[in-house]
Each structure stands twice: as structure tokens, then as C-alpha cells.
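Observations on the model geometry
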Amino acid sequence: MVDGLYIGTSGWSYRDWKDGFYPPGLPASRYLTEYARHFDAVEVDSTFYGLPRESSVLRWADLTPDGFLFCPKMVRTVTHDKQLVDAEAETAEFIQRLGLLGPKLGPIVLQFDYTFGPDRGEVLLDYLTSLPPGPRFAVEVRNRGWLRESFFEMLTATNTALVLQDLHYMPRLDRVTTDFTYVRWLGRRADMDRFDRLVKDRTRELSWWVEQVSRWLSRGIKVYAFANNHYQGHAPATVQLFLEQLQAHRET
């Protein structure tokens, strides 16, 4: 692995990875342990849909080695249903629950949809400034209207990372707002419906990201990067391709 780079996929429990990424006959209960043999971090997509049980969180920590990191997405009740308004209780419960991961808790992702536009700037600022010390946060917006200097300055002032996406309708950015950055290779859901093999060539895009990640790492900026199945069709293979390109770049 590369110092300062924490890389993996968005989730680990996919049936289409069976008998490919996961060895034949491996029970689903052992997927996470096997996953952690290949990657040192995972983005937890399931937490977006609901708060996990305490027993589940503790089990995740128990099944992974020291140094492994989980990067959970904030529950949608906070980011989508309430859009940060009167969401203090849900936020506190989420942080407490995922905090059971201890040192294995990585940045928490606040993902917003298109309807959460720049007119919500004051709401976002109030929310970010109210967060407790300790956990780190990254903000992902899906509305281009946010992408202006005042937004970047807000994130810097609150020590928050900007999520840098590779998403079909959002521009690729290389803006870093704190001492770490967070990359998500997302693709488009309509492009594929099975996740057992690569079906889309993203060599050019990954080469662009290799250049950015190399530069960030050289500046001492930590990088968290995660591939979704929809980016190329098979997230583990996307990560492997990226790492191969990164290694070749560092050897030149």
C-alpha cells in the first residue's frame, strides 16, 4: 500500500463478486475479512439507509485488522429527509454508534442530492460548526451551484473535506480544502446492471486521478479514495487498475 492513501470500494457485500473477487464457496459472513486482505479501507454505503446495530458495528471492527478504516455515509434522515434542520439528535446518535469503531473510524461522508442547493449555505455552515471535535467529515454536493470560492472557503474554515467525484454530470475537481481529501469514482447507474466484470474503459479518467493523487500525496495530504461498481462494472478491479497506474507513475 502507499503511505497516506486509503483506498477501497463502496461496500463489500455484493453477490456479483462471488466466485470472482471472493473465493468460491466463501460464506457471506466472511466477505469483510476477505475484503480486508486486499484493501485497507471501505466506504460504508449501508449506513446511508439506516443506522446499523451496535452489534454490527462492533463485529465490523472485530473482523478487520489494525489500521483498517471504515468511512460511513451519514444516514439519509439527516442529509436528505431533514436536510440538516433539527437533525442534532440523529447526528449525535450516528456519531456515537459509528464511534464504536474506535480508531477504525475514518471520515464521515455527508452526501447531498441536487435539491440541496447553495441557498442552503447558512444551514450547512451552522451544521458543520456544531459538529463535535474528533470525527472528520467530508461533504459531497450534487448541485454545480455550490462550486464557487465561498463554498470552498467554508469547508476550509470548518476543517471539512470536499468530496471530489467522478460523476457524469459533475465536473472533476482537484480542490483540496483541508489536510485530507476524499475521492469517489461513481459513474452512472444506468450504464450497467451487473457487477462481476469490467464493462467500461476508464483508463483516461483514472490516469487523470493518478496525477492528482500523486501530487496530493507529495504534499503530505491524506487521500481516501473509493470506487463504486457503476464506475466500470466491477469496483475491486477499478481499484486494482488505479493502483497499478499509480505505481507505474511513481516509478517514472
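The present account deals with the structure reproduced in this document. (Residues numbered from 1 in each chain as written. Predicted model: local features only at pLDDT ≥ 70, side-chain atom pairs only at ≥ 80, totals over all residues. Heavy atoms only, no water.)

Moving on: the overall build of the protein chain. Of regular secondary structure, the protein chain possesses 9 helices and 8 strands. Against the 2.2 N^0.38 benchmark of 18 Å for 252 residues, the protein chain shows a C-alpha radius of gyration of 18 Å, consistent with a compact globule. Looking at the protein chain as a whole, 53% of its 252 residues qualify as buried. When the accessible area of the protein chain is evaluated, it comes to approximately 11,800 Å², of which 47% is carbon and sulfur surface. Placing the 30 positive and 33 negative side-chain charges of the protein chain at their respective mean positions leaves the two points 3 Å apart. (Helix = DSSP H or I, 4+ residues; strand = E, 2+ residues; numbered from the N terminus. Rg over C-alpha atoms; globule rule 2.2 N^0.38 Å. Buried < 20%, exposed > 50% of the residue type's maximum accessible area, 1.4 Å probe, protein only. Areas by Shrake-Rupley, 256 points an atom, 1.4 Å probe, with all protein chains shown as cover. Lys, Arg positive; Asp, Glu negative; His and termini not counted. Charge placed at Lys NZ, Arg CZ, Asp CG, Glu CD.)

What follows deals with empty space enclosed by the protein. One pass over the full model with this rule turns up 1 cavity of 30 Å³ or more. Empty space within the largest cavity amounts to approximately 40 Å³. Taken together, Val141, Leu147, Leu162, Val163, Gln165, Met170, Pro171 and Leu173 form the lining of the largest cavity. (1 Å grid on protein atoms, 1.4 Å probe; cavity = no way out; pocket = protein on both sides within 12 Å on 5 of 7 lines; lining within 4 Å. Points joined across faces, edges and corners; volume = space filled by probe spheres on them.)

Residues Ser56, Val57, Trp60 and Ala61 constitute the buried set of helix H2 (residues 54-63). Down the axis of H2, the buried side of the element spans an arc of 140°, and every buried residue falls inside it. The inward-facing, buried residues of H2 contact helix H1 (31-35), strand E2 (41-44), strand E3 (69-72) and helix H4 (88-98). (Arc of directions from axis to C-beta. Contact = heavy atoms within 4.5 Å.)

We now examine the sheet that holds strand E7 (residues 180-187). The strand order across the open sheet formed by 6 strands is E1-E8-E7-E6-E5-E4, and the pairing between neighbours is parallel. The open sheet has two free edges, formed respectively by strand E1 (5-9) and strand E4 (108-111), since each of these has just one partner strand. Across the sheet, the axes of successive neighbouring strands diverge by a mean angle of 20°, strand direction being ignored. Bridge count for E1 against strand E8 (residues 222-227) is 5 bridges, and the pairing is parallel. Residue glycine 8 lies in a different strand from E8, and its bridge partner there is phenylalanine 226. Along the sheet, helix H6 (residues 149-157) contacts strand E5 (137-140) and strand E6 (161-167); its crossing angle with E6, the most-contacted strand, is approximately 130°. (Pairing = 2+ DSSP bridges. Axes fitted to C-alpha atoms, helices over the stretch in contact; angles between N-to-C directions.)

If you look at the biggest cluster of nonpolar residues, it comprises 69 residues, and the most contacted ones within it are Leu5, Trp12, Trp185 and Phe242. With 6 residues, the top contributor of residues to this core is helix H7 (residues 203-218). Ignoring sequence-local partners within four residues, the contact set of leucine 5 consists of Asp40, Val213, Leu217, Val223, Phe242, Leu243 and Leu246. Of all hydrophobic cores here, the second largest spans 11 residues; its members include Ala138, Val163, Tyr182 and Phe226. (Core = buried A, V, L, I, M, F, W, Y, C linked by side-chain atoms within 4.5 Å.)

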